[in-house]
Structures are given as structure tokens and as C-alpha cells.
Amino acid sequence: IFPNNGEIKVEDCIFDTNGVAFYFDHECDNLTVTRCTFNQKADKNVILLRGDVKFTDNIINSGRTVNVVSGSPVVTGNDFNDVRFKVYGAATATISNNTINNLEFDGTTYASTFTNNTLSSAAQAVLAGATKVN
């Protein structure tokens, strides 16, 4: 997927795959994934969010992880269930109104903004144990 070559919208889809649902290895813009359901294998990533992408109102039932890797993704209104939601320190994502049960940071600092999320007690502890940087 190379969304920086043009706008790509993926809406109202169900992904039952044996591999990664979305993968691109560099920062890309203009990708929007909305109201999709993900049922990935337990050892496969769901999506690597890089660049200015939008990941909104999705349900992630299974898979290894959703990674916020770099850039400034908008991650809003998703239900991550027990799938790991991992945020890398350099990313400046806007992360709001999600349900997150399994949060992880790549390091001890993060630059993303977390607002109005529903966090499990374990996810709250992870967020409280990391340091927000500007």
C-alpha cells in the first residue's frame, strides 16, 4: 500500500487473514481505515501506523499488535480488545476515545497525545509509568 501516491479509503471491511492486514515500510499519508473489523492470526500485526494516516472506529478482535510507529496518525474510536496497542516514542499521534486493554510503549517516553480513552487498569499503569515529552 502506497497511500502517499493518492488518497486511499478502506471502509466497512472485515479482515480475516493469515497475514498482516496493512503494511507499508515508510511514512505514508492519505490512508484512512474506518469501521473495519480485524480478525488476524495471533502472531500477525494488524497495521503499522506511519505518517499522517487515520485509523478510526475499528474493532480489533485478534492479532498480535497495532503499532503507532512514526508520524502523526489519528487513532480515534477504536476497540482494541486485548490486542496489544504499541506506541513508539517518536510518533506524535492523536490517540482519543479508544478502548485499550493492552498498552505498551517502545521505551520509557512518548510524544503522542492520549485523551478520553477507556483504559484497563494494566493499560493505565503503563501510561502512568511512561513520561510524556514534547
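Every value quoted in this text rests on a predicted model; they were computed, and no experiment measured them.

> Can you explain unusual backbone geometry? Please cite residues and give values.
Despite not being glycine, D12 shows a phi value in the positive range, around 55 degrees. Within the secondary structure, D12 is located in the loop between β1 (8-11) and β2 (14-15). Not every positive phi belongs to a glycine, and D57 is a case in point at roughly 55 degrees. Residue position: D57 is located in the loop between β6 (54-56) and β7 (59-62).

> Explain the environment of S70 to me, and be specific about the residues and the numbers.
Within the fold, S70 resides in strand β8 (residues 65-70). Here the alpha-carbon distance between S70 and D52, two residues 18 residues apart in the chain, equals 8.9 Å. In this view, S70 contacts E27, L49, R50, G51 and A91; residues no more than four positions away in its chain are not counted.

> Would you mind going over the environment of C28 in detail, with residue names and values included?
With respect to the secondary-structure elements, C28 resides in the loop between β2 and β3 (31-34). Owing to a relative accessible area of 0%, C28 belongs among the buried residues under this scheme. Considering only alpha carbons, one finds C28 and V126, 98 residues apart in sequence, at a separation of 28 Å.

> Can you explain the packing of aromatic side chains? Please cite residues and give values.
Enumeration over the complete set of coordinates arrives at seven aromatic pairs. Ring centres of F15 and F38 lie 5.0 Å apart, and the angle between their planes is 5 degrees; this geometry places the pair in the stacked category. A residue pair is termed long-range when its members are at least 10 positions apart, and F15 in strand β2 and F38 in strand β4 (residues 37-39) qualify at 23 residues. Judged by relative accessible area, F38 falls into the buried class, the value being 0%. What links up through ring pairs into an aromatic cluster is the set F15, F38, F55, F80 and F85.

About the criteria used
- Residues numbered from 1 in each chain as written.
- Predicted model: local features only at pLDDT ≥ 70, side-chain atom pairs only at ≥ 80, totals over all residues.
- Heavy atoms only, no water.
- Helix = DSSP H or I, 4+ residues; strand = E, 2+ residues; numbered from the N terminus.
- Contact = heavy atoms within 4.5 Å.
- Buried < 20%, exposed > 50% of the residue type's maximum accessible area, 1.4 Å probe, protein only.
- Phe/Tyr/Trp six-rings, centres within 6.5 Å; stacked < 30°, edge-to-face > 60°.

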